[in-house]
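Summary of the model geometry
These are the residues of each chain, in order.
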Amino acid sequence: MSRLLQALFGRLPIGWLQLTHNRTRFAAALAGVAFANVLVFVQLGIMNSMGAATLRPYDFFQADIMISAGDANSLSDGGNVARQWLLQAMADPDVVDGMGLFMANVPWDRGEKDISLSTFGVDPVKPGFIGVQIADDLPLLQVQDAAILDRLARGLAKDEAAAIRPQTPLAFEAQSRTLVAYATFAGGGGFGGDGYMLVSDQTFLSLFPARSSAAPDHILLTLGRGADVDTVVARLRSLISDPSLRIRSYADAAQDDLKYQQTRRPTGIIFGFGVLIGVLVGLVIVYQVLSTDVADHLREYATFKAMGYGPRFFLSVVFEEALVLGVMGFIPGLIVGTAILTLMGKITTLPLAMSFSMAVSVFIGTVVFSAISGAIATRRLAAADPADLF
Amino acid sequence: MEHENILEAKGLNHWFGTGDVKKQALFDVNLTLKRGSFTVLMGPSGSGKTTVLTLIGCLRSVQDGSVCLLDRELNGASEAELVALRRRLGFIFQAHNLHESLTATQNVIMGLQVHRGVSDADAQRAATHALGLVGLSDRVGYLPGNLSGGQKQRVAVARALVGNPALLLADEPTAALDKESAAEVVDLLKRMGAARGMTTLLVTHDNRILDRADRILTLEDGRIVTMEDRG
């Protein structure tokens, strides 16, 4: 390490020698940096998992265009869309097929603990709209009250979920009806519900008698080969006379949802602030360590000043220290952060995990912010007046 | 052009504070240092010795009068010029001021590294050599915390000398040392100065040093009151 820094800075690695001179203090400083890293990792992990959880249900379906109510910010949000617009959209030459998508939460009384399943009602004869991981099981939903259940749902035992097959279905009660799960898929708990469930539109309407087949929550459309999604979206906007409807490409709808969750919903804003606070705490910790270190060595620095070392030398010493703290504090921070995220993911069934991009961005952030702290800390150097040495 | 005098100070006045508390510390100080000479500046505390030293050492800006150091005028010189000039000086302080995290060798290397373009191997060799000259060959890898007071001051001497300064400024280098170590350090300075043609200005009120001086200046209340040439 010492050699590496010597080669890097082209001088004695004073910062390194200074930091490591007092082992206990060095360890404490590293722990501080690691702690700030863990804080950022956890907040970032939660924020990312919220993003992943938001986008998750969009994977269950396949479509090119989605029509939703004007106030529908997510799949589970907003009013209905009249079925007539589906028929209207079908008039467009590029629109090949369309399907109404129903969505509501179904509480499942599990005895000691209720779980809430985000339930989608789909047309069981249109596998083209269903994600590949579910499409094969779709025909099972043609039976009334059949369901495909999320095997990762919170509160559902692993072995219980694994046992669900068409030959050994799981029957359960919800909304005063007996539903029968014939198959499972990998959904995963989100922030809105404990898991997901797919049923046919007919079953959905029996679960929710107040809903009407004429008013699904969203309309999904698929386009013919080679059709340009944006052009068709523009055409549909002029074709459909209700200006309050949101007509978007399916991908845009998912991204709009993500943006909405991150910037408009309190959870997203809170986690965003969590990241910010983690960064600030890290900044303060590194600043504290570096400025204490500068203050402790004012006499030595004043001596170096007297000997003819200029401000760039001192800046490079403090940068060196910032680099050492940033790099060496990052490693334990990464290990502990990964462990905590993995543990939290296990407990909550949220998609919480360390990702490469997260590690890289936090690493770069740590080094950059350490350097900024260092630059601020060198301001105390002004107090090192070599004339006071005599 | 190489002057015979490495330093010429003329009509040097200096004040501390501003407004009502402004107090004059130096009055019309005139001083020359001949190349290779060993000059001792004496005087009671508060007489302005340190002020003279910091002005000559480019650590304070000259307010009034002229200081010509190594053929450069210090009055009105920029901070960058002062920093550049400082690199050609050697400083020894009352306290050793060694960096506690650096070994003896590393401390000495710091005295050399201020000059750019010195390779690591050369710096290492020069530092080991300088430590050998001050009799610390067997202590090169020691941290200051494991050296005695005299040894630390000798490391500081090696650090000041390793860059071959034209002028060595020493402020009470023997104050913190016992009689034996003090004599050792002063002899060392005298010997090294003679060997390298280095000029030395040493501030002290330690009488034990006087017999080694070429010239003794006495400062009282900011004025030079006596100047005694020897040898």
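Please read all numbers here as calculations on a predicted model, not as lab measurements.

Chain A puts 23 residues into the contact, and the matching count from chain B is 28 residues. Our count for the chain A to chain B interface comes out at zero salt bridges. At the boundary of chain A and chain B, one finds eight residue pairs in polar contact (both at pLDDT 80 or more). Among the secondary structure elements, those contributing two or more residues to the side of chain A that touches chain B are α2 (14–21) and α11 (298–307) of chain A. Among the elements that make up the side of chain A that touches chain B, the one with the highest residue count is α11(A) (seven residues). Here the residues of the side of chain A that touches chain B are counted per class, giving 12 nonpolar, seven polar and four charged.

Attention shifts here to the sheet that holds strand β5 (residues 72–73) of chain B. Residues and elements named next belong to chain B. Read from one edge to the other, the open sheet built from four strands follows the order β2-β1-β4-β5, with strand pairing classed as antiparallel. A single partner strand is all that each edge strand has here, and the edge strands are β2 (23–34) and β5. Judged from the five bridges that link them, strand β1 (residues 5–16) and strand β4 (residues 64–69) form a sheet pairing that is antiparallel. Of the residues in β4, the one forming a bridge with glutamate 8 is cysteine 68.

All names here are of chain B. What the domain assignment lists for chain B is domain 1 (1–88 + 167–187 + 196–230) and domain 2 (94–164). Taking only C-alpha atoms, the centre of domain 1 and the centre of domain 2 are 24 Å apart. Counting residues at the interface gives 13 residues for domain 1, matched by 13 residues for domain 2. Carbon and sulfur atoms make up 58% of the surface buried where domain 1 meets domain 2, a total of about 1,100 Å² over both sides. Summed over the three residues of domain 1 that lose the most area to domain 2, namely Arg87, Val185 and Arg196, the buried surface amounts to 47% of that side. The interface formed by domain 1 and domain 2 includes one salt bridge. Here glutamate 184 makes a salt bridge to arginine 154, at a shortest N to O gap of 2.6 Å. One can count five residue pairs in polar contact (both at pLDDT 80 or more) joining domain 1 with domain 2. Counting residues per element, the side of domain 1 that touches domain 2 draws most heavily on helix α6 (residues 179–196), at four residues. The residue inventory of the side of domain 1 that touches domain 2, partitioned by class, reads seven nonpolar, one polar and five charged.

It is worth spelling out the domain arrangement of chain A at this point. How big an interface is tends to be stated in terms of accessible area lost as the parts join. All names here are of chain A. Segmenting chain A into domains produces domain 1 (2–54 + 266–389) and domain 2 (82–244). The C-alpha centroid of domain 2 is placed 48 Å from the C-alpha centroid of domain 1. Opposite the nine residues of domain 1 that make contact, domain 2 presents seven residues. Overall, the association of domain 1 and domain 2 removes approximately 520 Å² of surface from exposure, summing both partners, and the carbon and sulfur fraction of that is 63%. For the pair domain 1 and domain 2, the number of links is zero salt bridges.

All names here are of chain A. Using the residue numbers shown here, the UniProt feature "transmembrane region" (unreviewed entry) corresponds to residues 26–46, 269–290, 322–344 and 356–377. Annotated as residues 269–290, this span is 100% helix and 0% strand, and its ends, taken at the C-alpha atoms, are 31 Å apart. Secondary structure content for residues 322–344 is 100% helix and 0% strand, and the end C-alpha separation is 31 Å.

Conventions we followed
- Residues numbered from 1 in each chain as written.
- Chains lettered and ligands numbered in written order.
- Predicted model: local features only at pLDDT ≥ 70, side-chain atom pairs only at ≥ 80, totals over all residues.
- Heavy atoms only, no water.
- Contact = heavy atoms within 4.5 Å.
- Salt bridge = Lys/Arg side-chain N within 4 Å of Asp/Glu carboxyl O.
- Polar contact = N/O pair within 3.5 Å; in protein donor to acceptor, adjacent residues only side chain to side chain.
- Helix = DSSP H or I, 4+ residues; strand = E, 2+ residues; numbered from the N terminus.
- Nonpolar A, V, L, I, M, F, W, Y, C, P; charged D, E, K, R; others polar.
- Pairing = 2+ DSSP bridges.
- Domains from an automatic or database assignment.
- Buried area = accessible area lost by both parts, 1.4 Å probe.
- UniProt positions renumbered as here; feature names shortened; annotations may be inferred.

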